[in-house]
Amino acid sequence: AVWVCGNEKHLAEQGVTLTEAQKVAVERLYKEGKAVILAASAGMVRGVVALSDVLREDAAAIVEKLNGLDTKAVLLTGDERNAAAYFAQRAGIQTVHAALLPADKVGKISEMEANGAHVCMIGDGVNDVLAMKEADCGIAMASGAQAASQIAQLVLLDSDFSAIPSIVGEGRRV
């Protein structure tokens, strides 16, 4: 049997549609912050894999400190909208742009810069590299993709996000 795996859009392009019950189940998983991979064969969905990131315990406190520095945290992600909203809400991030391709992230950063913002892009993956290059400053996680570390102006060796407010404060003093 031939299996097709991917999101709902990809499966639809392959002629596979979800039942109403499957759509409801997938939507529930997205609202729980999960990434969803559907598996289909013979034109029918046969299974689902749900993956979830874990929000850092200190995420909301870090965003609150940034807000106190008059710095706006914006989430740019390739994740599905409901999954992105789930994590943004828990971290206290008000502005979310989801389901973005790498070029879309670059476009959002260009928009912010055109409106006078100084943008710092924090990323860890290959999908973040172009956006980090476009931003005024790029910060990478050493544990992430090597390409991100190579393009960034700053690399967090221990992936300790709690240092970000201090970095912003010191950067403003320079």
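Since we're looking at a predicted model, the values are computed, not measured. (Residues numbered from 1 in each chain as written. Predicted model: local features only at pLDDT ≥ 70, side-chain atom pairs only at ≥ 80, totals over all residues. Heavy atoms only, no water.)

Brief notes about unusual backbone geometry
Here's step 1: Despite not being glycine, Ala42 shows a phi value in the positive range, around 55 degrees.
Here's step 2: Inspection of the secondary structure assignment puts Ala42 in the loop between strand 2 (34-41) and strand 3 (44-52).
Here's step 3: The exposure class of Ala42 is exposed, given its relative accessible area of 69%.
Here's step 4: Residues other than glycine seldom take positive phi values, yet Asp70 does so here, at roughly 60 degrees. (Helix = DSSP H or I, 4+ residues; strand = E, 2+ residues; numbered from the N terminus. Buried < 20%, exposed > 50% of the residue type's maximum accessible area, 1.4 Å probe, protein only.)

What to know about the packing of helix 2 (residues 20-31) against helix 4 (residues 81-91)
Geometrically, a packed helix pair is captured by the angle between its two axes and the distance between the axes.
Here's step 1: In contact at an axis separation of 7 Å, helix 2 and helix 4 are set at 30 degrees when each is read in the N-to-C sense. Here helix 2 lies roughly parallel to helix 4, going by the angle between them. Contacts from Glu27, Tyr30 and Lys31 of helix 2 reach helix 4 at Asn82, Ala83 and Tyr86. (Axes fitted to C-alpha atoms, helices over the stretch in contact; angles between N-to-C directions. Parallel < 35°, antiparallel > 145°, perpendicular 65-115°, else oblique. Contact = heavy atoms within 4.5 Å.)

A short note on the side chain of Asp128
Here's step 1: Mapped onto the elements of the fold, Asp128 is located in the loop between strand 6 (120-123) and helix 6 (129-134).
Here's step 2: With relative accessibility at 10%, the residue Asp128 sits in the buried group.
Here's step 3: Aside from chain neighbours lying at most four places away, what touches Asp128 is Lys105, Met121 and Gly123.

Topic: the pattern of salt bridges
Here's step 1: All told, the structure shown has 5 salt bridges when counted by the stated rule.
Here's step 2: For Arg28, the salt bridge goes to Glu32, with nearest N and O atoms at 3.2 Å.
Here's step 3: We classify Arg28 as partly exposed; its relative accessible area is 46%.
Here's step 4: Overall, Glu32 belongs to the partly exposed group, its relative accessible area being 29%.
Here's step 5: Note that Lys34 and Glu32 form a salt bridge whose closest N and O atoms lie 3.3 Å from each other.
Here's step 6: Since its relative accessible area comes to 23%, Lys34 is described here as partly exposed. (Salt bridge = Lys/Arg side-chain N within 4 Å of Asp/Glu carboxyl O.)

Things to note about helix 5 (residues 102-114)
Here's step 1: Under the 1.5 Å per step criterion, the end-to-end length of helix 5 is 19 Å for 13 residues, consistent within 8% with the ideal 18 Å.
Here's step 2: Backbone geometry just after helix 5 places Gly116 at a positive phi near 90 degrees. (Expected span 1.5 Å × (residues − 1).)

So, the nonpolar core
Here's step 1: Grouped together as the largest cluster of nonpolar side chains are 12 residues: Leu76, Leu100, Ile109, Val119, Met121, Val129, Ala131, Met132, Ala135, Ala140, Ala148 and Ala152.
Here's step 2: When residues in this core are grouped by element, the largest group, 3 residues, is from helix 6.
Here's step 3: With near-sequence residues (within four places) excluded, Met121 lies in contact with Ile109, Asp128, Ala131, Met132, Ala135, Cys137, Gly138 and Ile139.
Here's step 4: Of all hydrophobic cores here, the second largest spans 11 residues; its members include Leu11, Leu29, Tyr30 and Ala40. (Core = buried A, V, L, I, M, F, W, Y, C linked by side-chain atoms within 4.5 Å.)

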